[in-house]
Amino acid sequence: METHPFAAAPPDSPTLESLPVEPLLTSEFDVDPGSVYERLRSTYGPVAPVGLMGVPAWLVLDYREVLEVLRNESVWRRDVRHWRARAEGRLPRDWPLLAGYEVRQTMFFDGEEHRTARLNYHSAMRPFQDGHSPEGWELRASVARYADELIAMLAAESGTTGHADLAAQYTRPLLLMVTTKLFGCPVELGDEMVMDLWRMLDGGPDAGPATGRVLGAMTRLAAHRRSRPGEDLTSYMLLSDPTLSDEQLGRELFMNAVHLNDITGNMVCNTLLEVLRGNATVRRSLASMQIGETVNRAALVNPPTANLCFRFAGRDVRLGNFWIRAGDIVSPSVAAAHRDLLAAQSSHLVDSAISTRAHLGWGAGPHQCPSAARELAGTIVATAVGRVFDHFARAELTLPPDQLPWRSGLMVRGLRVLPVRYELSAHSSALRAPGGGRGDEGVAVASPASPVASRPGSGLLGALRRLMFGGRKGD
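Cut-off values and rules
- Residues numbered from 1 in each chain as written.
- Predicted model: local features only at pLDDT ≥ 70, side-chain atom pairs only at ≥ 80, totals over all residues.
- Heavy atoms only, no water.
- Buried < 20%, exposed > 50% of the residue type's maximum accessible area, 1.4 Å probe, protein only.
- Helix = DSSP H or I, 4+ residues; strand = E, 2+ residues; numbered from the N terminus.
- Core = buried A, V, L, I, M, F, W, Y, C linked by side-chain atoms within 4.5 Å.
- Contact = heavy atoms within 4.5 Å.
- Polar contact = N/O pair within 3.5 Å; in protein donor to acceptor, adjacent residues only side chain to side chain.
- Expected span 1.5 Å × (residues − 1).
- Salt bridge = Lys/Arg side-chain N within 4 Å of Asp/Glu carboxyl O.
- Pairing = 2+ DSSP bridges.
- 1 Å grid on protein atoms, 1.4 Å probe; cavity = no way out; pocket = protein on both sides within 12 Å on 5 of 7 lines; lining within 4 Å.
- Points joined across faces, edges and corners; volume = space filled by probe spheres on them.
- Nonpolar A, V, L, I, M, F, W, Y, C, P; charged D, E, K, R; others polar.

Things to note about helix α7 (residues 167–183)
Of all 17 residues making up α7, 13 are buried, and the element is well covered by its neighbours. Positive phi appears at G184, one or two residues downstream of α7, with a value of about 75°.

Shown next as structure tokens:
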């Protein structure tokens, strides 16, 4: 890759606006984005010009080029004010993918402004990052308790064997419960907030109003916690930076809600899907009790964010086979980059515990997901995934993997539903929950530390270990 940091694009090099572009967000992309990425790569190389709802943009496809864009903040800027087409008023009226980028928040700061805001966020998140602190321990215990309660509700509704949607009946409510706890919300957050986040990220026709609704709710929460501080992230963010207005803090909470509910939720569902559809390397790591590695392997194959937030060229720069002009919009594709990575070294990358950490599910470079949030999100995903397979003796998809419905959009490739047929393990604490199973006596749910709830030899997790390792002694 040749960046020519101080060079200007040669006058005979084509501009983005002069190139014919094919629309990216088509029915083909909805069904099989991987084939679209491969066709673009074979036609244009590592970087391709595409159309995004009537707006031309550069899509970065290869791992090396994506990593360059993510890491080089001096060239590739996050602040939407660097976008030349926006500054010149050339965007379609109410372009739906713009709504989230107009929210002035840490994710879209550059340079020193970004570093200062990020340090304040780290300070506020630190008590929850440490699993041995009172706040961190309580949050982690709550995640496990919420997961057990939701599975107990499935047992109460459907019995010891039945059907469930692990997206709508487990993952979404679990992340909403965690958000309510972490943010210190006075009332439970509703599923409509998740739908509004989807509308914003997917660029739906009402992305603008949806963004406004969530921002309004988060701003009201900020005002509430300013008057009644507690042991929650909202209060700690105010403590870390008392100069934040309610509106500024609301914007920070808004983006945290996106990451916690949508990105983390997708990582839960995508990991569950890779296990259920029979991905051998993912199942092997789960059977080895390496839940973190299970998540890494799933993120490499099926990242929670398919295409990361836009970057804007700070100056003319060569990337792939094209010169990118100052102010051009660039979309780094994690999904395409992972395909490139796996195609290059599939044999040893998929089987290596170290190499799977090369996934870009949390981003990379100065704007990657902060370490405190990354660690907490990883814990939430590992707990959510592990709890499912602790409780279930058997689980299988009720639709073929290629018929599962996915959301339509550029940023996220997330499941709308994850339908399964399940059978609870005889050792599951959900059987002893109030109303758990048809005809069961009501008994309190086991605590998160209960040996019954996490016994490694019981449930689907134990069955996987026997399947993958043949029931070796000591498993």
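Right, picking up where we left off after that structure.
Focus: the nonpolar core
The biggest cluster of nonpolar side chains holds 119 residues, and the ones touching the most others in it are W83 and F254. Here this core takes 15 residues from helix α11 (residues 246–276), the largest share from any one element. Aside from chain neighbours lying at most four places away, what touches W83 is V55, L91, W95, L98, F312, G327 and I329. One finds L67, V330, A337 and A364 within the second-largest nonpolar core, a separate group that totals 25 residues.

Focus: the side chain of N261
Counting through the fold element by element, N261 comes out in helix α11. Here the side chain of N261 touches T179 through a polar contact of 3.0 Å, side chain to side chain.

Structural notes on helix α6 (residues 134–158)
Under the 1.5 Å per step criterion, the end-to-end length of α6 is 36 Å for 25 residues, consistent within 8% with the ideal 36 Å. Remark: G159 follows α6 within two positions and exhibits a positive phi of approximately 90°.

Concerning the pattern of salt bridges
By the definition in use, this model includes 34 salt bridges. For D232, the salt bridge goes to R225, with nearest N and O atoms at 3.3 Å. Each member of the pair D232 and R225 is classed as buried. Between D262 and R407 there is a salt bridge whose closest N-O contact spans 2.8 Å. Placement of D262 in helix α11 and of R407 in the loop between β10 (392–397) and β11 (419–424) is noted, with a sequence separation of 145 residues between them.

A look at the pairing of strand β2 (residues 47–52)
Burial runs high along β2: six of the six residues are buried. What you see with β2 is no split at all: V47, P49 and G51 on one side and A48, V50 and L52 on the other are buried throughout. Where strand β1 (residues 22–23) lies against β2, two bridges are found, and the strand directions are parallel. Note on β2: the bridge partner recorded for E22 is V50.

Here's the deal with empty space enclosed by the protein
The full count for this structure, using the stated rule, is three cavities of 30 Å³ or more. In this structure, the largest cavity encloses a volume near 770 Å³. Lining the largest cavity are 42 residues; nearest its centre among them are M107, M255, H259, I263 and C369. Among the secondary structure elements, those contributing two or more residues to the lining of the largest cavity are α5 (111–129), α7, α8 (191–202), α11 and α15 (371–391). Top contributing element to the lining of the largest cavity by residue count: α11, with eight residues. Taken as a whole, the second largest cavity spans an internal volume of roughly 130 Å³. At the level of elements, α7, α8 and α11 are the ones that each hand at least two residues to the lining of the second largest cavity. Taken together, the residues of the lining of the second largest cavity sort by class into six nonpolar, five polar and three charged.

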